[in-house]
Amino acid sequence: MTWMELSKRGLPENTVAVVNLAGEPLLDPMKRWNDQLKEVIYNSRIMTTRDLVSAITTSKCKPKVFVSMSGVGYYKPDPTAEYTEESPGGEDDFVAELSRDWEAAAQLPSDLKVRKVIVRSGVVLGRSGGMISRIYWPFFMGMGGPFGSGSQWFPWVHLDDVAGIITHAIINDHVEGVLNAVAPNPVTNREFSSAFASSFFPPRPSLLAIPEFVCNAMFGEERAKVLLEGQRVLPKRTLASGYRYFFPDLQSTCKDCAYVINERQFMEDLRTKLSVFDKKKSS
C-alpha cells in the first residue's frame, strides 16, 4: 500500500496492528547536511506518522495496537549519565527535537481504544544494511577504527532484536508506552570497534580512528554529534515487559555481522531456491 492509497482508502480491513518504520536515513554521507535535508528528514518522520494516526482515527475497525519508532537521540549525549525510558529528553539538539516531535506526532486521541508503543532504537547492527554496510569493508581490510576518541557511549542493538521487540509489542497486550530498543550491555565506540574487528577471521586491528574533523567534514558538525557523542541507554522497561534478547552481547552480534557471506541469509536463500527447484521438478 502506498501513502497515496492510505490517504484515499484508509487502513485495510481487519488491520490488527500498525507499525510505523518510515524515515529518511539520518547518516547518509552522500547527502550534504543542510536545511533542505533536515526538512526532508523531519517530514519523512513527522508527516507520515500523522498520516497513520489520521488513518487509525478514522478507521471504522480500529487496530489493536500502534507501534511507532523513535530514537535514543531523544536523550542528551553525556559521558556519565545513565538513561532509561523514564529519563527526560527531547531538548538538546536537532536529533533530540526530531525524536520528541516524532513521538508527539504518534499520539492518539485519548478516547481511542488502541494500545500505543514507542520504540526508541539505538544504532541498528545487521549485515544487510545500515551502519555495518558502511563500515564493513574498511574493517575487513584492517583499516577500521573508532569515531573520534572512541570513549563515547555506543547504544547498539541487533536488527533481529528490533524486529523482536516490535513483535513482542504487537502480541503482548500488557506492553505499552516507551521501550528502549538497545542491547542490555552498553559499550563504548572503541569497544564496539575492537569487537567487530576481532570478529573477522583472522582478526583485524582496529587502530585507525576517524578523527573528529573528518567526521565533521563528512557529515556536518550537527549530524556528526550522533557519531562523536553518545548516551548510556538501558532497556529497563523492555526487559521488565518480558522481552528476551536474541543478541544480548556484543561478541555474538559482531560475529553475526562479520561474515563475507551471511551464513543465515545464505542458508535461507538456498532453502528457498531448493524449494522452487523441487516444485518445478515435481510439476
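S.K.: Sorry if this is basic, but what is going on with the environment of Gly73 here?
M.R.: Mapping Gly73 onto the fold places it in the loop between strand S2 (65-71) and strand S3 (82-83). A sequence separation of 66 residues divides Gly73 from Phe139, and the C-alpha atoms of the two residues are 26 Å apart.

S.K.: Would you mind showing me how to read the packing of aromatic side chains here?
M.R.: The way to describe two aromatic rings as a pair is by their centre distance and the angle between their planes. Applying the stated criterion across every chain, the model contains 14 aromatic pairs. Each ring, one from Tyr136 and one from Phe140, has its centre 6.1 Å from the other, and the planes form 15°; the classification is stacked. You can see Tyr136 and its partner Phe140 sitting in helix H4 (residues 130-140), four residues apart, about one turn around the helix. Here a set of aromatic residues connected by ring pairs shows up, and it is made of Tyr136, Trp137, Phe139, Phe140, Phe154, Phe192, Phe196 and Phe200. Here the basic side chain of Arg120 rests over the ring of Tyr74, its NZ or CZ set 3.8 Å away from the ring centre. The side chain of Arg127 reaches across the aromatic face of Tyr136, ending 3.6 Å from its centre.

S.K.: What is the right way to read the pairing of strand S8 (residues 177-181) from this model?
M.R.: Along any regular strand, the residues point their side chains to alternate faces of the sheet. Counting buried residues along S8, four of its five residues qualify, which places the element largely inside the surrounding structure. Note that strand S4 (residues 115-121) and S8 share five bridges and pair parallel. Note on S8: the bridge partner recorded for Val117 is Gly177.

S.K.: Would you explain helix H8 (residues 221-228) in this entry?
M.R.: Along an α-helix, residues three or four apart share an orientation, since each turn contains 3.6 residues. Looking only at H8, the buried set comprises Arg223, Ala224, Leu227 and Leu228. Along H8, the residues classed as buried sweep out an arc of 145° about the axis, all on the same side. Those residues of H8 hidden inside the fold are in contact with helix H2 (35-58) and helix H7 (212-219).

S.K.: Even after reading the chapter, I still don't get the sheet that holds strand S1 (residues 17-20), so can you show me in this structure?
M.R.: Backbone-to-backbone hydrogen bonds pair the strands of a sheet. The strands run either parallel or antiparallel. With respect to topology, four strands assemble into an open sheet ordered S1-S2-S4-S8, the strand pairing being parallel. Unpaired on one side and paired on the other, S1 and S8 mark the two borders of the sheet. Adjacent strand axes in the sheet meet at a mean angle of 20° when their direction is disregarded. Pairing between S1 and S2: four bridges, direction parallel. When the bridges of S2 are listed, Val18 appears paired with Phe66. Running at roughly 170° to S2, H2 makes contact with S1 and S2 of the sheet. Against the sheet, helix H3 (residues 94-105) touches S1, S2 and S4, its axis set at about 170° to S2.

S.K.: I tried to follow the packing of H2 against H3 on my own but got confused; where do I start?
M.R.: If you want to describe how two helices pack, look at the angle between their axes and the distance between the axes. Where H2 meets H3, the closest approach of the two axes is 8 Å, and the angle between their N-to-C directions is 15°. What the angle tells us is that H2 and H3 run roughly parallel. Here H2 and H3 pass one another in a crossing that is right-handed. On H3, the residues that touch Lys38, Ile41, Tyr42, Arg45, Ile46, Thr49, Arg50 and Val53 of H2 are Phe94, Leu98, Asp101, Trp102 and Ala105. When grouped by side-chain class, the residues that make up the contact of H2 with H3 number eight nonpolar, one polar and four charged.

S.K.: For this particular structure, what's the right way to read the side chain of Glu85?
M.R.: When you line up the elements, Glu85 lands in the loop between S3 and H3. Buried charge without a salt bridge: Glu85, with Arg237 as the nearest opposite-charge side chain at an N-O distance of 5.8 Å. Within polar-contact distance, the side chain of Glu85 engages the backbone nitrogen of Arg237 at 3.0 Å.

S.K.: Help me understand the nonpolar core, please; the structure alone is not making it clear to me.
M.R.: Counting 25 residues, the largest nonpolar core has Ile132, Phe192 and Phe196 as its most contacted members. The dominant element in this core, judged by the number of residues it contributes, is H4, at five residues. Counting residues in each nonpolar core, the second largest holds 18 residues, with Met69, Ala181, Tyr243 and Tyr245 among its members.

Criteria and thresholds
- Residues numbered from 1 in each chain as written.
- Predicted model: local features only at pLDDT ≥ 70, side-chain atom pairs only at ≥ 80, totals over all residues.
- Heavy atoms only, no water.
- Helix = DSSP H or I, 4+ residues; strand = E, 2+ residues; numbered from the N terminus.
- Phe/Tyr/Trp six-rings, centres within 6.5 Å; stacked < 30°, edge-to-face > 60°.
- Lys NZ or Arg CZ within 6 Å of the ring centre and 35° of its normal.
- Buried < 20%, exposed > 50% of the residue type's maximum accessible area, 1.4 Å probe, protein only.
- Pairing = 2+ DSSP bridges.
- Arc of directions from axis to C-beta.
- Contact = heavy atoms within 4.5 Å.
- Axes fitted to C-alpha atoms, helices over the stretch in contact; angles between N-to-C directions.
- Parallel < 35°, antiparallel > 145°, perpendicular 65-115°, else oblique.
- Left-handed = near helix turned anticlockwise from the far one by under 90°.
- Nonpolar A, V, L, I, M, F, W, Y, C, P; charged D, E, K, R; others polar.
- Lys, Arg positive; Asp, Glu negative; His and termini not counted.
- Salt bridge = Lys/Arg side-chain N within 4 Å of Asp/Glu carboxyl O.
- Polar contact = N/O pair within 3.5 Å; in protein donor to acceptor, adjacent residues only side chain to side chain.
- Core = buried A, V, L, I, M, F, W, Y, C linked by side-chain atoms within 4.5 Å.

Function cannot be inferred from these measures alone, as they are strictly geometric.
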